[in-house]
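If you want the building blocks of each chain, they are given just below.
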Amino acid sequence: MSKQERWSKLLELLAVDGRLEVESAAATMNVSPATIRRDLDELAEQQLLVRTRGGAIAHGVSYELPLRYKSSRQVSEKQRIASAVAELLTPGDVVGLNGGTTTTEVARAMTLRAGGAAERESTSGPMFTVVTNALNIASELAVRPQFKIVVTGGVARPQTYELVGPLTQGVLNQVVLDVAVLGVDGVDPELGVMTHHEDEAGISRLLAERARQVVLVTDSSKMGKRAFARICGLDRIDVLVTDSGIAPDMAARLTDAGIEVISV
């Protein structure tokens, strides 16, 4: 098991119980307690948790908000998707993230990626600049020294922690992104990508327009589904990262549309 896999598993265990004990975590993951102690120390340095005598606890509000937000559906799939997306990014990238359970996992995977000392030392300034309208993502990343966080203004939607409206659009109109990572509620070969709410669709559309590359992140349950508000057509999407449950014919249609399909 690699360090990143161990870190992901430790954070997953922490998300379930709110605390970790070194000995039980070592037994669960079949590694030595010394390895777990080192991992917890490094995660604490990244402010992903708080070390305690014999273990760790969750990192207060910055961890609490995403926990309440986290869906129990397709969690492992979303974590695999997120890890794959983090590996696509280049240190120094300006990355746009909309709200959603999958993009929240992408933010977490980016923190694990930024935890690599070699890459961190070879990058002047922040490893990533993140532009987001999601309050929970901003809260989780704001305490990470490897990130520069730009939060849009706007009116908060309590159901999703997303900021929407003219103030949000005003900020996004002033920035340029290397990559926009978008979570969506539906992907249709004819209509494109969609979400349930028109105000969120408008912000996601603007993120896509401001980016050099658009990466779509969604589990395979959204494939072939339609939602109320259209974000953009498939011609605006460069890469789709999804799980291995995607139907072969759907993957083929998306590939024919010029999208690189990555299934994990």
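Residues numbered from 1 in each chain as written. Predicted model: local features only at pLDDT ≥ 70, side-chain atom pairs only at ≥ 80, totals over all residues. Heavy atoms only, no water.

(A) Up close: the overall build of the chain. Tallying secondary structure elements over the chain gives 11 helices and 15 strands in all. Over its C-alpha trace the chain gives a radius of gyration of 18 Å, about what one expects of a compact globule, namely 18 Å for 264 residues. In terms of overall dimensions, the chain has C-alpha extents of about 55 × 40 × 35 Å along its principal axes. A burial count over the chain gives 51% of its 264 residues as buried. A separation threshold of at least 6 residues defines the contact pool for the chain, and within that pool the share at least 24 residues apart is 67%. For the chain, the accessible surface area stands at approximately 11500 Å², while carbon and sulfur atoms represent 50% of it. The positive charge centre, built from 28 side chains, and the negative charge centre, built from 33, are 3 Å apart in the chain. (Helix = DSSP H or I, 4+ residues; strand = E, 2+ residues; numbered from the N terminus. Rg over C-alpha atoms; globule rule 2.2 N^0.38 Å. Buried < 20%, exposed > 50% of the residue type's maximum accessible area, 1.4 Å probe, protein only. Contact = heavy atoms within 4.5 Å. Areas by Shrake-Rupley, 256 points an atom, 1.4 Å probe, with all protein chains shown as cover. Lys, Arg positive; Asp, Glu negative; His and termini not counted. Charge placed at Lys NZ, Arg CZ, Asp CG, Glu CD.)

(B) Structural view of the sheet that holds strand β10 (residues 186–188). With respect to topology, 3 strands assemble into an open sheet ordered β10-β11-β13, the strand pairing being antiparallel. Each having just a single partner strand, β10 and β13 (229–232) make up the two edges of the open sheet. Strand-to-strand twist of the sheet, defined as the mean angle between neighbouring strand axes without regard to direction, takes the value 35°. Strand direction decides the pairing type here: strand β11 (residues 192–195) and β13, joined by 3 bridges, are antiparallel. Across the sheet, residue V193 finds its bridge partner in β13, namely C232. Here helix α10 (residues 198–209) sits on the sheet in contact with β11 and β13, set at roughly 5° to β13. (Pairing = 2+ DSSP bridges. Axes fitted to C-alpha atoms, helices over the stretch in contact; angles between N-to-C directions.)

(C) Seen up close, the packing of aromatic side chains. Evaluation of the coordinates by the stated rule reveals 1 aromatic pair. Ring geometry for F128 and F147: centres 6.0 Å apart, planes at 35°, overall tilted. Of this pair, F128 sits in strand β5 (residues 128–132) while F147 sits in strand β6 (residues 147–151), placing them 19 residues apart in sequence. Judged on exposure class, the residue F128 and its partner F147 are both buried. (Phe/Tyr/Trp six-rings, centres within 6.5 Å; stacked < 30°, edge-to-face > 60°.)

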